[in-house]
Amino acid sequence: MAQFFEVHPDNPQPRFLRQAVQILHAGGVVAIPTDSSYALVCHLDDKAAADALRRVRGVDEKHHLTLLCRDLSELATYARVDNKQYRLLKNATPGPFTFILEATKEVPRRVSHPSRRTIGLRVPDHRVTLDLLELLGQPLLATTLIPPGEEQPLNDAHEISERFDRQLQAIIDAGACPMQPTTVIDLSGDEPVLIRQGRGNPESLGLQLE
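Conventions we followed
- The written sequence of each chain sets the order in which its residues are numbered from 1.
- Since the coordinates come from a predicted model, pLDDT governs what is reported: local features require at least 70, and pairs of side-chain atoms require 80 or more to be given and counted, while whole-chain, interface and lining totals use all residues.
- In computing side-chain properties, one takes all heavy atoms of the structure into account and sets aside hydrogens as well as water.
- The rule is simple: take the accessible area with a 1.4 Å probe, protein chains only, and divide by the maximum for that residue type; under 20% is buried, over 50% is exposed, in between is partly exposed.
- In this text, helices come from DSSP runs of H or I with a minimum length of four residues, and strands from runs of E with a minimum of two, each type numbered from the N-terminal end.
- A pair of strands counts as paired when DSSP detects no fewer than two bridges linking them.
- Note on definitions: angles span 0 to 180 degrees between N-to-C directions of axes, and those axes are lines fitted to C-alpha atoms, for helices only across the stretch in contact.
- Here the angle decides the label: under 35 degrees means roughly parallel, over 145 means roughly antiparallel, 65 to 115 means roughly perpendicular, and every other value means oblique.
- For a crossing to be left-handed, the near helix must be turned anticlockwise from the far one by less than a right angle; the clockwise case is right-handed.
- In this description, contact between two residues means that some pair of their heavy atoms is separated by no more than 4.5 Å.
- All amino acids are sorted into three groups, where Ala, Val, Leu, Ile, Met, Phe, Trp, Tyr, Cys and Pro are nonpolar, Asp, Glu, Lys and Arg are charged, and the leftover types, Gly among them, are polar.
- Any pair of Phe, Tyr and Trp rings, taking the six-membered ring for Trp, is counted once the centres come within 6.5 Å. Such a pair is stacked with planes under 30 degrees apart, edge-to-face with planes over 60 apart, and tilted for the rest.
- Note on criteria: charge over ring means Lys NZ or Arg CZ within 6 Å of the ring centre, with the direction from the centre no more than 35 degrees off the ring normal.

Q: Pulling in residues and values, what's your account of the pairing of strand E3 (residues 39–43)?
A: With five of five residues buried, E3 lies mostly within the body of the structure. Direction of pairing for strand E2 (residues 30–32) relative to E3: antiparallel, over a ladder of three bridges. Of the residues in E3, the one forming a bridge with Ile 32 is Ala 39. Linkage of E2 to E3, two consecutive antiparallel strands, is achieved through a turn of six residues. By the bridge criterion, five bridges tie E3 to strand E7 (residues 140–144) in an arrangement that is antiparallel. Within the sheet, the bridge partner assigned to Leu 40 lies in E7 and is Thr 143.

Right under this line is the structure:
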């Protein structure tokens, strides 16, 4: 059964987040709130946990997983970023954008795209997520919590508990999220490419993407 932590969305109780960090270090898969929707997360360096996360989500190794980072400097550790990309990322973070970038050697090959050596990265704008990342001290491997065969992410922690209690090790309940996935922009090529239109508006970054 998953441990269930109810936390304040703007001032989460550190003791609950510390318990969640212990679960992540032990290889657990955890459902957490973000600024777009609830997400499934696990420890970046744990292959078994990443495999379990993919099973819960119902995706294979070709599905881009995302690294949730605390800030832009941490993001630059895991992705190759030129000056133009950096300026774009600075305008977009923290916020509901995921960027596909060329992964550095800091990213385990098994979690980057198998043929392209790319990874999705983002800096979420949610106090609970950022505090959890701060306590963990490194990025989390993440994917939007969309049940297999469905199209909409889950937004209610109690529903997540009812449906995934036996597949998760913990659930952090901070109330409802916006229930929109992030906007995904591929920056790994010569020009930015819109992969998915979500909560983030590309025009706010000065991008006119089709």
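Q: Can you tell me about the packing of helix H1 (residues 14–25) against helix H5 (residues 127–136), naming the residues and giving the values?
A: Helix-helix packing is described using two parameters, namely the angle between the two axes and the distance between the axes. Taken N-terminus to C-terminus, the directions of H1 and H5 make an angle of 60°; their axes are 9 Å apart at the nearest point. When the interaxial angle is binned, H1 and H5 end up oblique. Every pair of crossing elements has a handedness; the one defined by H1 and H5 is right-handed. Each of Pro 14, Leu 17, Arg 18, Ala 20, Val 21, Leu 24 and His 25 in H1 lies in contact with H5, whose residues at this interface are Val 128, Asp 131, Leu 132, Leu 135 and Leu 136. Its residues placed into classes, the contact of H1 with H5 shows nine nonpolar, one polar and two charged.

Q: How would you summarise the packing of aromatic side chains if you had to cite specific residues and measurements?
A: Enumeration over the complete set of coordinates arrives at two aromatic pairs. The ring of Phe 16 carries the charged tip of Arg 15 above its face, separated from the ring centre by 4.4 Å.

Q: Give me the lowdown on unusual backbone geometry, citing residues and values where you can.
A: For residues other than glycine, phi is negative in most cases, and the peptide bonds are mostly trans. Cis geometry is found at the peptide bond from Thr 93 to Pro 94, where omega equals -5°. The topology assignment puts Pro 94 in the loop between helix H4 (83–92) and strand E5 (97–102). With a phi angle near 65°, Met 179 is a residue other than glycine that sits in the positive phi range. When you line up the elements, Met 179 lands in the loop between strand E8 (170–173) and strand E9 (183–186). Assessed through its relative accessible area of 35%, Met 179 is described here as partly exposed.

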